[in-house]
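The primary structure of each chain is shown beneath.
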Amino acid sequence: MTFLSCRFLPALFLMTAFFVLGAAAQEPEDRKPQKPESMGVATGNPHVPVKDALSRPITAGGFVDGAPIVFADITKQAGLDKFHHRSGALEKTTILETIGSGVALLDYNNDGWLDIYLLNGSTFAALKGKEAALRAMLLHNNHDGTFTDVTDKAGVANERWGFGVAVADYDNDGWPDIYVSNYGKNRLYHNNQDGTFADVAEKAGVALGGWSAGPTWGDYDRDGLLDLFVPG
């Protein structure tokens, strides 16, 4: 080794170290170790609780005296208290009796106001014909905050053990139709465009049987016609 190479060797080592450190500092973001992301649903950053005049936390302790009412229960005034849902006996000895039914909001007569279709359950006694069958209820919007029961006129009482309802215009005629899933055969209420419906489930091949749960409509193959999915 010559005197010249020995003289510049330390400088060479310093330059090499400098380039190595510089490369590390300029490492691309995607190569740098990432902090593990927390699992679960992100709900935003925590905030300091807002307190009222008595130092009560509004965000964690219920209502504040004198606060404005956001919602008011107008069930009775609207005429909706006439509906009573029932599913099996009070003892609930089977899983069939523990599940609710369903509700749909739809403008069944195309007057621009949403109406309400409430699905009902049933009992084993009713299934055996030992007591009257429970009925669904279609409530027509009176445009004044009240509703009128038009179930009989519309022909949508169901009178089976209901477990789900889905509304869609399955035949593209501009009027909403109603599919009801039941314990037993299901119903497809076609809108007759005159305030009445006709059950065409057997004709359409969607009556099924057994125990059906919450149905849904969707155009899975994008052919412009709605398809029906019925879990069971």
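Positions within a chain are numbered from 1, following the residues in the order the chain's sequence is written. Whole-chain, interface and lining totals are the exception, using all residues; otherwise, since this is a predicted model, local features are given only for residues with pLDDT of at least 70 and side-chain atom pairs are given and counted only at 80 or more. Computation of side-chain values: all heavy atoms of the structure, hydrogens and water removed.

**Brief notes about the packing of aromatic side chains**
Link 1 in the chain: Aromatic rings from Phe, Tyr and Trp, taking only the six-membered ring of Trp, are treated as a pair when their centres fall within 6.5 Å; an angle between ring planes under 30 degrees marks them as stacked, one over 60 as edge-to-face, and anything in between as tilted. Following the criterion strictly, the structure yields eight aromatic pairs and no others.
Link 2 in the chain: Ring centres of Y183 and W211 lie 6.3 Å apart, and the angle between their planes is 85 degrees; this geometry places the pair in the edge-to-face category. You can see Y183 sitting in strand β6 (residues 177–183) and its partner W211 sitting in the loop between α5 (201–204) and β9 (216–218), a full 28 residues away along the chain.
Link 3 in the chain: The buried label applies to any residue whose accessible area, calculated with a 1.4 Å probe on protein chains only, is under 20% of its type's maximum; exposed applies above 50%, and partly exposed to all values in between. In this structure W211 comes out as partly exposed when scored by relative accessible area, which is 31%.
Link 4 in the chain: In this structure an aromatic cluster arises from ring pairing among F124, W161, F163, Y183 and W211. We count a stretch as a helix when DSSP gives it H or I for four or more residues in a row; a strand needs E for two or more, and each element gets its number in order from the N terminus.

**Points about the sheet that holds strand β4 (residues 147–149)**
Link 1 in the chain: In space, the four strands of this open sheet follow the order β1-β2-β3-β4, with antiparallel pairing throughout. The two strands at the open ends of the sheet, each matched to only one other strand, are β1 (102–106) and β4. Recorded for the sheet is a direction-independent mean angle of 20 degrees between the axes of neighbouring strands.
Link 2 in the chain: Should DSSP find at least two bridges between two strands, the strands are regarded as paired. Across five bridges, β1 lies against strand β2 (residues 115–119) in antiparallel orientation. In the strand pairing of β2, G102 is matched with L119. Orientation is described by axes fitted as lines to C-alpha atoms, over the contacting stretch for helices, and by angles from 0 to 180 degrees between their N-to-C directions.

**Topic: the pattern of salt bridges**
Between side chains of opposite charge, a pair can form when the charged atoms approach closely.
Link 1 in the chain: Just to be clear on terms, a salt bridge is a Lys or Arg side-chain nitrogen sitting within 4 Å of an Asp or Glu carboxyl oxygen. Enumeration according to the criterion identifies five salt bridges in this entry.
Link 2 in the chain: Among the salt bridges present, the one from D152 reaches R135, with a minimum N-O distance of 2.3 Å. Taken as a pair, D152 in helix α4 (residues 151–154) and R135 in the loop between α3 (124–127) and β3 (137–141) lie far apart in primary sequence, 17 residues in all.
Link 3 in the chain: Among the salt bridges present, the one from R135 reaches E159, with a minimum N-O distance of 3.3 Å.

**Digging into the confidence of the model for the protein chain**
Link 1 in the chain: The pLDDT value tells you how sure the predictor is about a given residue, anywhere from 0 up to 100. When pLDDT is averaged along the protein chain, the result is 83, and 74% of the positions lie at 70 or above.
Link 2 in the chain: Only heavy atoms enter the contact rule, under which two residues are in contact if any of them lie within 4.5 Å. A low-confidence stretch, residues 1–6 (pLDDT under 50), is modelled with one contact involving residues beyond four sequence positions or located in other chains.
Link 3 in the chain: Overall, residues 36–43 carries pLDDT values under 50, and its contacts beyond four positions in sequence, including any with other chains, amount to zero contacts.

**A closer look at the pairing of β3**
Link 1 in the chain: Among the five residues in β3, five count as buried, and that is most of the element.
Link 2 in the chain: The side-chain alternation of β3 yields two buried faces, one formed by M137, L139 and N141 and the other by L138 and H140.
Link 3 in the chain: The sheet contact formed by β2 and β3 spans three bridges and is antiparallel. From the neighbouring strand, Y117 faces β3, where its bridge partner is L138.

**Details of the side chain of S87**
Link 1 in the chain: By the secondary structure assignment, S87 is in the loop between α2 (75–78) and β1.
Link 2 in the chain: Pairs of N or O atoms are called polar contacts if they sit within 3.5 Å, as long as, within protein, a hydrogen donor faces a hydrogen acceptor (for residues adjacent in sequence, only side-chain-to-side-chain pairs). One polar contact links the side chain of S87 to the main-chain carbonyl oxygen of E97, over a distance of 3.3 Å.
Link 3 in the chain: Other than its neighbours up to four places away in sequence, S87 contacts K92, L96, E97, I99, S122 and W161.

**Describing the pairing of strand β7 (residues 187–191)**
Link 1 in the chain: β7 sits mainly inside the fold: five of its five residues count as buried.
Link 2 in the chain: Residues R187, Y189 and N191 of β7 are buried on one face, and the alternating residues L188 and H190, pointing to the opposite face, are buried as well.
Link 3 in the chain: Here β6 runs beside β7; their pairing, made up of three bridges, is antiparallel. What sits directly across from Y179, in β7, is L188.
Link 4 in the chain: Between β6 and β7, which pair antiparallel one after the other, the connecting turn spans three residues, and G184 there sits at a positive phi close to 115 degrees.
Link 5 in the chain: As defined by bridge partners, β7 adjoins strand β8 (residues 197–199) across three bridges and the pair is classed as antiparallel.

**Quick notes on the environment of T148**
Link 1 in the chain: Mapped onto the fold, T148 is located in strand β4.
Link 2 in the chain: For the pair T148 and I116, spaced 32 residues apart in the sequence, the C-alpha separation amounts to 9.8 Å.
Link 3 in the chain: Apart from the residues within four sequence positions on either side, T148 is in contact with L138, L139, H140 and N142.
Link 4 in the chain: A polar side-chain atom of T148 sits 3.0 Å from a polar atom in the side chain of N142.

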